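Residue-level listing of the chains:
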Amino acid sequence: MASTNGGASPFLIAGGGIGGLVTAYALARQGFPVRLFEQSSEFREVGAGIQLGPNVFRVLEKIGLKEEVLADAHRPPAQEMRDALTGKLITRIPLGDQFFKRFGQPYAVTHRADIHGTFLKACQGSNLITLETNRRVDAYEDRGDHVSVSLNNGEIATGRALIGCDGMWSKVRERVVGDGKPRVSGHIAYRAVLKRKDVPEDLWRPDVVLWAGPRTHFVHYPLRRGELYNLVAVFHSDHYEEGWDAEGSKELLWEHFKGEMPQVLRMLERINTWRMWVLCDREPVKNWSQGNVTLLGDAAHPMLQYLAQGACMATEDAVVLADEVAATPDDLPTAFQRYQQARYLRTGRVQIMARVYGEFYHARGVTAELRDLALGGRTPQQSYDGVAWLYGGP
Ligand SMILES: Cc1cc2nc3c(=O)[nH]c(=O)nc-3n(C[C@H](O)[C@H](O)[C@H](O)COP(=O)(O)OP(=O)(O)OC[C@H]3O[C@@H](n4cnc5c(N)ncnc54)[C@H](O)[C@@H]3O)c2cc1C
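Residues numbered from 1 in each chain as written. Predicted model: local features only at pLDDT ≥ 70, side-chain atom pairs only at ≥ 80, totals over all residues. Heavy atoms only, no water.

Moving on, we come to the nonpolar core. Membership of the largest hydrophobic core comes to 68 residues, with the highest contact counts inside it found for Phe 11, Phe 119, Leu 162, Ile 163 and Val 325. Sort the elements by how many residues they give to this core and helix H9 (residues 310-327) lands first, with nine residues. With residues near it in sequence (within four places) discarded, Val 325 still touches Phe 11, Leu 27, Phe 32, Leu 332, Ala 335 and Phe 336. Ala 84, Ala 192, Val 209 and Leu 265 belong to the second-largest nonpolar core, a separate cluster that totals 28 residues. (Core = buried A, V, L, I, M, F, W, Y, C linked by side-chain atoms within 4.5 Å. Buried < 20%, exposed > 50% of the residue type's maximum accessible area, 1.4 Å probe, protein only. Helix = DSSP H or I, 4+ residues; strand = E, 2+ residues; numbered from the N terminus. Contact = heavy atoms within 4.5 Å.)

Shown next, in the form of structure tokens:
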């Protein structure tokens, strides 16, 4: 089950999602051994797309994984927002040369399994990283000079520190922050991936297209060098089911999208099985570290997906964390405090702004009109100015 190992006392990581794997890799690149525990029986990501802003490529370049991630990705020429009831174009933001010139990095969309697979392969290629599946972190004790972690197989693992990369329902967070369950947003996302041949030719678009409707939105874009097509349909609902990736009812979806443009409905019709996510987030906090234990990614700052940044933020976290650890390797509590100090306002802003964008996408009546006026009048440079705080970082 374990693949490789390093020499000195390792960093222990709970969770092998995008955040856990990239953290393991970033630490190993700085020469630190890592033991990573994933509760599932294999390392895998759900079949869905993910958007990657230029900010993530800046940090991926730093750890040498930018080209690998781009190799499987699709580079959309533009992001477009349309009214789902009238079809009217609200705004079109170019993502080509002009965008690259402004931010110095590209915009891309990829399959979650592809970026996760790139991080997994990078970890497997490091003799400092031990990857273990079927290992759930159930509890931990910080003993000052080391941390001991209780695993579901009865083992007590010891290491220099514990990094909780265990996602939205983090066990490690329960202890470090203790702020209960995530906030249920009242929004539900249905996701599906089609093969390109299954997308009607007149509906296939190379761009990221968002159809904004009253209390709904629908996004589509190509994946995997254009071989696949990603669909995400979001609507307001009180339905609540804990966890991710349940099968979604088609009737519920149709109820919310009826009356929208034929391009939206024809695309929705193509899908037989939808996977459903009940979208949650949390209030931002400024302290997610305690002694030799810290949090990263969704465990630290879970956010709604409306800015398409959760995985990007986890990747930024990983690179900042590894740099801070390398700066004071013999004082991890200080390194963890500096890491969260560098991160909490940026990630908190994304948590808050993601909610605002969600309201914008789902606006009705006068609010929708105001949105259309505000966005429609912008030049590309003004649109870039609006996201410079995010894409210009970290
Ligand atoms: C609909 C939707 C669309 C999105 N779109 C985008 C996008 O376009 N761009 C973007 O950047 N982000 C996007 N995101 C957000 C992104 O998916 C998440 O922010 C990101 O995957 C978080 O990664 P993570 O590693 O922190 O957590 P997770 O991916 O949740 O990984 C946590 C891992 O820890 C494991 N685990 C949990 N508990 C334990 C335990 N006790 N012991 C051991 N292992 C454990 C889990 O099995 C899992 O493998 C989207 C999210 C949603 C829901």
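Moving on, we get to unusual backbone geometry. With an omega of 5°, the peptide bond between Gly 393 and Pro 394 qualifies as cis. For Pro 394, the location among the structural elements is in the segment after helix H12 (380-391). Although it is not a glycine, Asn 134 adopts a positive phi angle of roughly 55°. Checked against the element boundaries, Asn 134 lands in the loop between strand E7 (129-132) and strand E8 (137-142). Residue classification places Asn 134 among the partly exposed residues on the basis of a relative accessible area of 32%.

Moving on to the confidence of the model for the protein chain. Mean pLDDT over the protein chain stands at 94; residues scoring 70 or higher make up 96%. Residue range residues 1-6 is modelled with pLDDT below 50. Its contacts to residues more than four positions away, or to other chains, number 19 contacts. (pLDDT = per-residue confidence, 0-100.)

Not every one of the 32 residues close to the ligand is listed here, only the nearest: Gly 19, Glu 38, Gln 51, Arg 112 and Asp 298. Between Ala 311 and the ligand, the recorded distance is 2.9 Å, taken from a backbone N or O atom to an oxygen atom. Take Cys 312: an N or O atom from its main chain is 3.1 Å from an oxygen atom of the ligand. Considering the ligand on its own, with 1,000 Å² of exposed area, one finds that the protein chains cover 89% of that surface. Elements with a contribution of two residues or more to the shell around the ligand: helix H1 (18-29), strand E3 (49-52), strand E12 (183-195), strand E17 (274-281) and H9. Residue composition of the shell around the ligand, grouped by class: 12 nonpolar, 12 polar and eight charged. (Near = heavy atom within 4 Å. Polar contact = N/O pair within 3.5 Å; in protein donor to acceptor, adjacent residues only side chain to side chain. Areas by Shrake-Rupley, 256 points an atom, 1.4 Å probe, with all protein chains shown as cover. Nonpolar A, V, L, I, M, F, W, Y, C, P; charged D, E, K, R; others polar.)

Within the open sheet, the eight strands sit side by side as E5-E4-E13-E14-E15-E12-E17-E16. Their pairing is mixed. Edge positions in the sheet fall to strand E5 (89-94) and strand E16 (246-248), since each of these pairs with one other strand and no more. Pairwise comparison of adjacent strand axes, ignoring direction, gives a mean angle of 25° for this sheet. In this structure, strand E4 (residues 78-83) lies alongside strand E13 (residues 208-213), joined through five bridges in parallel fashion. Of the residues in E13, the one forming a bridge with Glu 80 is Val 209. (Pairing = 2+ DSSP bridges. Axes fitted to C-alpha atoms, helices over the stretch in contact; angles between N-to-C directions.)

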